[in-house]
Structures are given as C-alpha cells and as structure tokens.
Amino acid sequence: MKQKWWQSSVVYQVYPRSFRDSNGDGIGDIPGITERLEYIKALGADVIWLSPVYESPNDDNGYDISDYCSIMPEFGTMHDFDVMLEKAHSLGLRIVMDLVVNHTSDEHAWFAASRSSKDSAYRDYYIWRDPKEDGSEPNNWGSCFGGSAWKYDETTGQYFLHFFSPKQPDLNWDNPKVRDEVFAMMSWWLDKGVDGFRMDVISLISKPEDMRDGDVMASGYTSFDVASNGPHVHDYLREMNRRVLSRYDIMTVGETPGVTVEEAQKYAGLDGKELCMCFQFEHMNLDADPVRGKYGFPQFDLVALKKNLAKWQTGLEGKAWNALYWNNHDQPRVVSRWGDDSDRYREKSAKMLATCLHMMKGTPFIYQGEELGMTNCRWESLDELNDIETIGNLRHHIASGLLTEEQALAVARLRSRDNTRTPFQWDSSANAGFTRGTPWLRVNPDYEKINAADQMARDDSVFRYYHELISLRKRMDVIVHGTFTLLEADDPDLFVYKREFGKEKLLVVCNFSKNEREYIMPEPFCGGSVLIGNRSSGTEDRIIGPYDAFVIYVKK
Ligand code: TEU
Ligand code: CA
C-alpha cells in the first residue's frame, strides 16, 4: 500500500481552553493559539488536533455542541478561526477538528425541537423510550459521568438516552436524516480547508436494537460499553467514508472506547474504507481500580502494559494503523502516572516514556504540556475541580461508600481529567504566561520550574528530546514502517522491544523503574550506535539505571 502522509506524522493536541489566553478573560482562545503556532512548529509536530471550538454551553467543556457551524464566543469568531487555519497552513501545519457527533448539547436546535413533541420532525434525531411499568428508566445503562444514562422529560413523558451528561443527549444514528445532517456539516468544514477529524466516541454511535439490561459495575449501572462496536457502526462509517471522507486527502482518527484488535482492523483498516487510525483504551484502563474503575487507586503493572501494547503493535501489523498516545485531555499526566514527577527523576522519566512511545509503529500524539514534562496538580480541595466526569464519579463513589471524602481528594490528584487541563505553562511569569487575567482553572504551582521558556532554552530539556524523537521519525523508515517484536516480556522493570525494516534494526530499552538492572544487549545490537537516549553511556554499559532509556541502531 502506498504510504499515506499521516503515517509519518506527529500530532499535537491543543485543548483551546487551556492553551493561551489572548484577551485577558482567563480563558484560552483561538487568537491565543494563532499567536503560538510557531511553538508547535518548533517542536516538529506537523498536525494539530484541536479539541472542540464550536458553540457550546460548556457543560462538558465543549464536548456538548449546540451549533456545529459556529465558534464558541469565549474562543473567538469564525474569522479568528479562518486566520488561524490560514497561518497554520502557511507554516506547513495541518488542523484536525474534533468531531463530536455521538451526541449534541441539549441546547442544540435539533434537541429543542425533538423534546417539544412526540410528533416533532426531529423526534427521532434522538433516542426516546417509555418508562418501565413502575415509571423507572428503560434499562440499567449508566452514564460515564455517574448515575443512569436516561433522563426523564416531563413534556412528553419519555426518557432520552445520554451516555454522558444529561445535557449531552445521544443522537440516533439509525435515522438517515441524522447521518445526512452530520455528513453535510463535515463537508462544510472540509470545504473550508480543515485537514481531518478526530471522532469523539465514534464506536458508540450504533446502539443495540434491543435495549436490554447489561452487566452492572459497582455503581449499579453498566458502562457505555454496552453500545461499543454496535451492530451498524461499520456500515455508518463506510457510508461516511463513501459520501465524505474519500473525497478529501485528510487524516481521520476514531476515539473508539471498547475497541478490540479485531474491531480496529475494520475501523482503521489499511483498505481505507473507514478511518485512518483509532485510539484504543485497553492500555489506559489496565491500572483501573478493580472496584472503583478509573476513579480509584491505580495498580500499575508494567508486564501487563508491555503485553497489551505488543498485542496492538503485532495485531494491526500489515492490516490497520495505530494511534499512539499516553496522554490527552481525559487522562492524568503520564509522567505522574507511570513515570516519576519528583525533581530528581521527572525529566529523565518523561524522556523514557517518550522514547518508549515514539519508537513504536503508528502515529504518535502529544498532548499539550507533555513535551515539557508537565505534571498532575496537587488539588487542595474537591471544590477546585471543574471536570464533570471527575465530579460526577467522585460524588457517586462517596455517596455509595466506595470512597471517603479524603480518599476522593487523593483520587482526584491521581486521576482527575483536570490534571491535564491546568493552563499551559509558557514561562515563569504570573499565571505561567497563560493569561494576564484570572485563569479559569488553577495554574499548577510548579510552573516556575516547568515551562516552555526554560525548556526551549536548554539543550538537555524534555522539549528538545521530543524534538529529536520527532525528527528521527521524519527521516527513518524503520521507525515508521518496521515490524515490532517484544523482548524480555516478563521483566517487571524493563520495556525492551525491537523494530526491523530490511537490514535496519532498532533495539529500544526503557527502564520504567528506579531499580538498577543489568541487561546484556542481544545480537546483533552489541556495539551498535546509540540513536537517542537519556543517558551518556553507550552500549558497552550493561547497567540500566533508574528510568534509563536508549535506542540502538544497526544496519546489517
Ligand atoms: O471521551 C469519552 C471517553 O471515553 C472518556 O470520557 C473516558 O470515558 C474517560 O474520560 C477516559 O478514561 C470523549 C471526550 O474525549 C471526553 O472529553 C468527553 O467528556 C466525552 O467523550 C463525551 O463527549
Ligand atoms: Ca481569552
């Protein structure tokens, strides 16, 4: 198959609310992004994934859209967007929009009409069901933000489905009019010149025909996995591809909770019939608390992580394409989660984590601040939190006795989505140079030592290391196209794998622990050259120190 441009791309995710505030209202905005496009260019990324900037009441910080073809006033105007897009293209940067079409805001005109009457022409744009005999919800499906996935609407005496907030009613994708509306909107953005879409929970759009009860979690409700990979999801994505995507040279990435390797071979098949790639969630859920889920106390197990990522590397080999990530706006900061955010090891472990991900096969995604080694925030109180998912789940866990208030604060520091939404740390000036106003969310107090200005001024910084990783991907076929083989699968500290492409071979060694280990390089890597690494010694040094990472290159 002919190489596609996005197979050697590196994507930088911008969360607009927290990237850069240009007008002093404490909220990041589009002109703020335009001002800092050169920074993203300097890092070496060539695609920007822009989290939603559409009109929204911000119940879920923009993932609740009330008008797909206008810009949220807090973020600016459509003219501001056009200026940003044009400047990005002039810099050789592509812009991929966040497409949130599993659901809309309840303030979208479609939903206002739909809820007004059972006879509305828009009634079947959403999913309405009668109460059970006793008046309760139609089934035991649960919302990702806590509680039931059904909300009763007095006006017409029915429940509507919402797998997220009650202000995010799920669209009925079985209705061809919904598909027509969505496809027309997508074409409108693509005709404006955007370069693709990241598709929010796209694996949930086709609900099972029978609305039977599912297996419940400790909360007493199911997860949204009851709808993952539904009966018609691939029909709808193939239709989307035929009617829209195939008409443009764009990049698409599905956010596909519940996806398996087999399903990903359809969503992200190299045959190009659906999407270019997809985000899997298995590695993100491996350390979930067995009872409390994501909002509990994580149990990190490197062996499980290695085997899962190896399964995805080999499972998609030659058949589909991986989107590679540690971080996004929904996950805690990886250097705090799986590295070590102490002063002693923060930068070293951040580089180790970056090495491990960026030497794999697939398209790497960098979440804003990850390239600085930004860390989770030590929230002082639950009242500081903004995120609807964190607040909803912690409230639910406290009410059901799964967490005490004190434990909930500890969990928030470990798991809250707010951890990656604290304002980007530009420099050591007030509010980390993010705003001259009052920031909408607390700035992480460590901004004076962790910020872009300092990182760009040093040759040994995390930023410079990411830049080098990206430039290696741009010039080495073995990184983009080489096969993946996991080595030392059961080693509890070292993540070791090799990549091979013709005569070119890489050995990637990453110590995910503080333990000092001895590792004898396998042939043919002994005496190979170190391509990149976070330590000064060469391959003769068999002692692998805390959070050491290096890549050996040989051609033979
Ligand atoms: O995320 C959906 C989703 O799977 C995450 O909410 C996930 O449940 C958890 O946060 C990560 O473990 C998408 C968006 O990325 C998220 O920001 C939205 O809240 C959600 O959909 C609804 O649009
Ligand atoms: Ca602003």
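Calculation criteria
Here the residue numbers are simple positions, counted from 1 along each chain's written sequence. As they are written, the chains are lettered A onward and the ligands numbered 1 onward, keeping that order. With pLDDT at 70 or above as the cut-off, local features in this predicted model cover only qualifying residues; side-chain atom pairs require 80 or more to be listed or tallied, and sums for whole chains, interfaces and linings still use all residues. For side-chain calculations, the full set of non-hydrogen atoms in the structure is used, while hydrogens and water are omitted. Comment: elements are numbered from the N terminus, with helices defined as DSSP H or I runs of at least four residues and strands as E runs of at least two. Burial here depends on accessible area, computed with a 1.4 Å probe over protein chains only, as a share of the maximum for the residue type. Under 20% is buried, over 50% is exposed, and the range in between is partly exposed. As used in this structure description, the phrase polar contact means that two N or O atoms lie within 3.5 Å; if the pair is within protein, one of them must be able to donate a hydrogen and the other to accept it, and residues adjacent in sequence are counted only when both atoms belong to side chains. Taken from the helix axis, the directions to the C-beta atoms give the arc we talk about. What makes two residues a contact is simply this: any of their non-hydrogen atoms within 4.5 Å. For two strands to pair, DSSP has to find at least two bridges joining them. Simply put, an axis is a line fit to the C-alpha atoms, just over the touching stretch for a helix, and the angle between two N-to-C directions goes from 0 to 180 degrees. For salt bridges, the criterion is a side-chain nitrogen of Lys or Arg within 4 Å of an Asp or Glu carboxyl oxygen. Sodium, potassium and calcium take a 3.2 Å donor cutoff, other metals 2.8 Å, and in both cases only N, O and S atoms count; water is not among them, so sites may look incomplete. Comment on the angle field: the value is read as roughly parallel under 35 degrees, roughly antiparallel over 145, roughly perpendicular from 65 to 115, and oblique elsewhere.

Asker: Requested: an account of the side chain of Asp491, with residues and values cited.
Answerer: With respect to the helices, strands and loops of the structure, Asp491 is situated in the loop between β14 (483–487) and β15 (494–501). We classify Asp491 as buried; its relative accessible area is 12%. A polar contact of 2.8 Å, which involves the side chain of Asp491, links it to the side chain of Arg517.

Asker: Run through helix α13 (residues 405–415), naming residues and quoting values.
Answerer: Those residues of α13 that fall on the buried side of the exposure criterion are Ala408, Leu409, Val411, Ala412 and Arg415. Within α13, the buried residues cover an arc of 160° as seen down the axis, which keeps them to one side. Packing partners of the buried residues in α13 comprise α10 (334–337) and α12 (388–399).

Asker: Can you explain the sheet that holds strand β10 (residues 251–255)? Please cite residues and give values.
Answerer: Strand order in this open sheet of eight strands is β11-β10-β9-β5-β2-β1-β13-β12, and the pairing throughout is parallel. A strand with exactly one partner marks an edge of an open sheet, and here the two such strands are β11 (277–279) and β12 (323–324). Where strand β2 (residues 47–50) and strand β5 (residues 94–99) come together, four bridges link them in parallel fashion. Counterpart to Trp49 in the pairing with β5 is Val96. On top of the sheet, helix α3 (residues 78–90) reaches β2 and β5; it is set at about 135° to β5, its chief contact.

Asker: I'd like a rundown of the pattern of salt bridges, residues and numbers included.
Answerer: Applying the stated rule across the entire model yields 45 salt bridges. Among the salt bridges present, the one from Arg20 reaches Glu35, with a minimum N-O distance of 3.0 Å. Remark: Glu35 occurs in helix α1 (residues 30–35) and Arg20 occurs in the loop between β1 (11–14) and α1; sequence separation between them is 15 residues. Under the relative-accessibility criterion, Arg20 is labelled buried at 16%.

Asker: An account of the coordination of the calcium ion (ligand 2) is requested, with residue identities and associated values reported.
Answerer: The coordination sphere of the calcium ion (ligand 2), as far as protein atoms go, consists of Asp21 (OD), Asn23 (OD1), Asp25 (OD), Ile27 (O) and Asp29 (OD), spread over 2.2 to 2.3 Å. Mapping the donors of the calcium ion (ligand 2) onto the primary sequence yields the spacing D-x1-N-x1-D-x1-I-x1-D. You can call Asn23 partly exposed: its relative accessible area is 43%.

Asker: An account of the packing of α3 against helix α5 (residues 176–192) is requested, with residue identities and associated values reported.
Answerer: Look at α3 against α5: their axes get within 11 Å of each other, and the N-to-C directions meet at 55°. Comparing the axis directions of α3 and α5 gives the class oblique. Of α5, the residues touching α3 (which contributes Met78, Phe81, Asp82 and Leu85) are Trp188, Trp189 and Lys192.

Asker: Tell me what's going on with the pairing of strand β16 (residues 504–511), and back it up with residues and numbers.
Answerer: Burial analysis of β16 places eight of its eight residues in the buried class, which makes it a mostly covered element. The alternating pattern of β16 places Glu504, Leu506, Val508 and Cys510 and Lys505, Leu507, Val509 and Asn511 on opposite faces, both of which are buried. Pairing geometry for β15 and β16, over eight bridges, is antiparallel. Pairing of Arg499 across the sheet is with Leu506, part of β16. Connecting β15 to the next strand, β16, in antiparallel fashion are two residues, including Gly502 with a positive phi near 65°. Bridging between β16 and strand β20 (residues 549–555) involves seven bridges; their strand directions are antiparallel. Paired with Cys510 across the strands is Ala549, a residue of β20.

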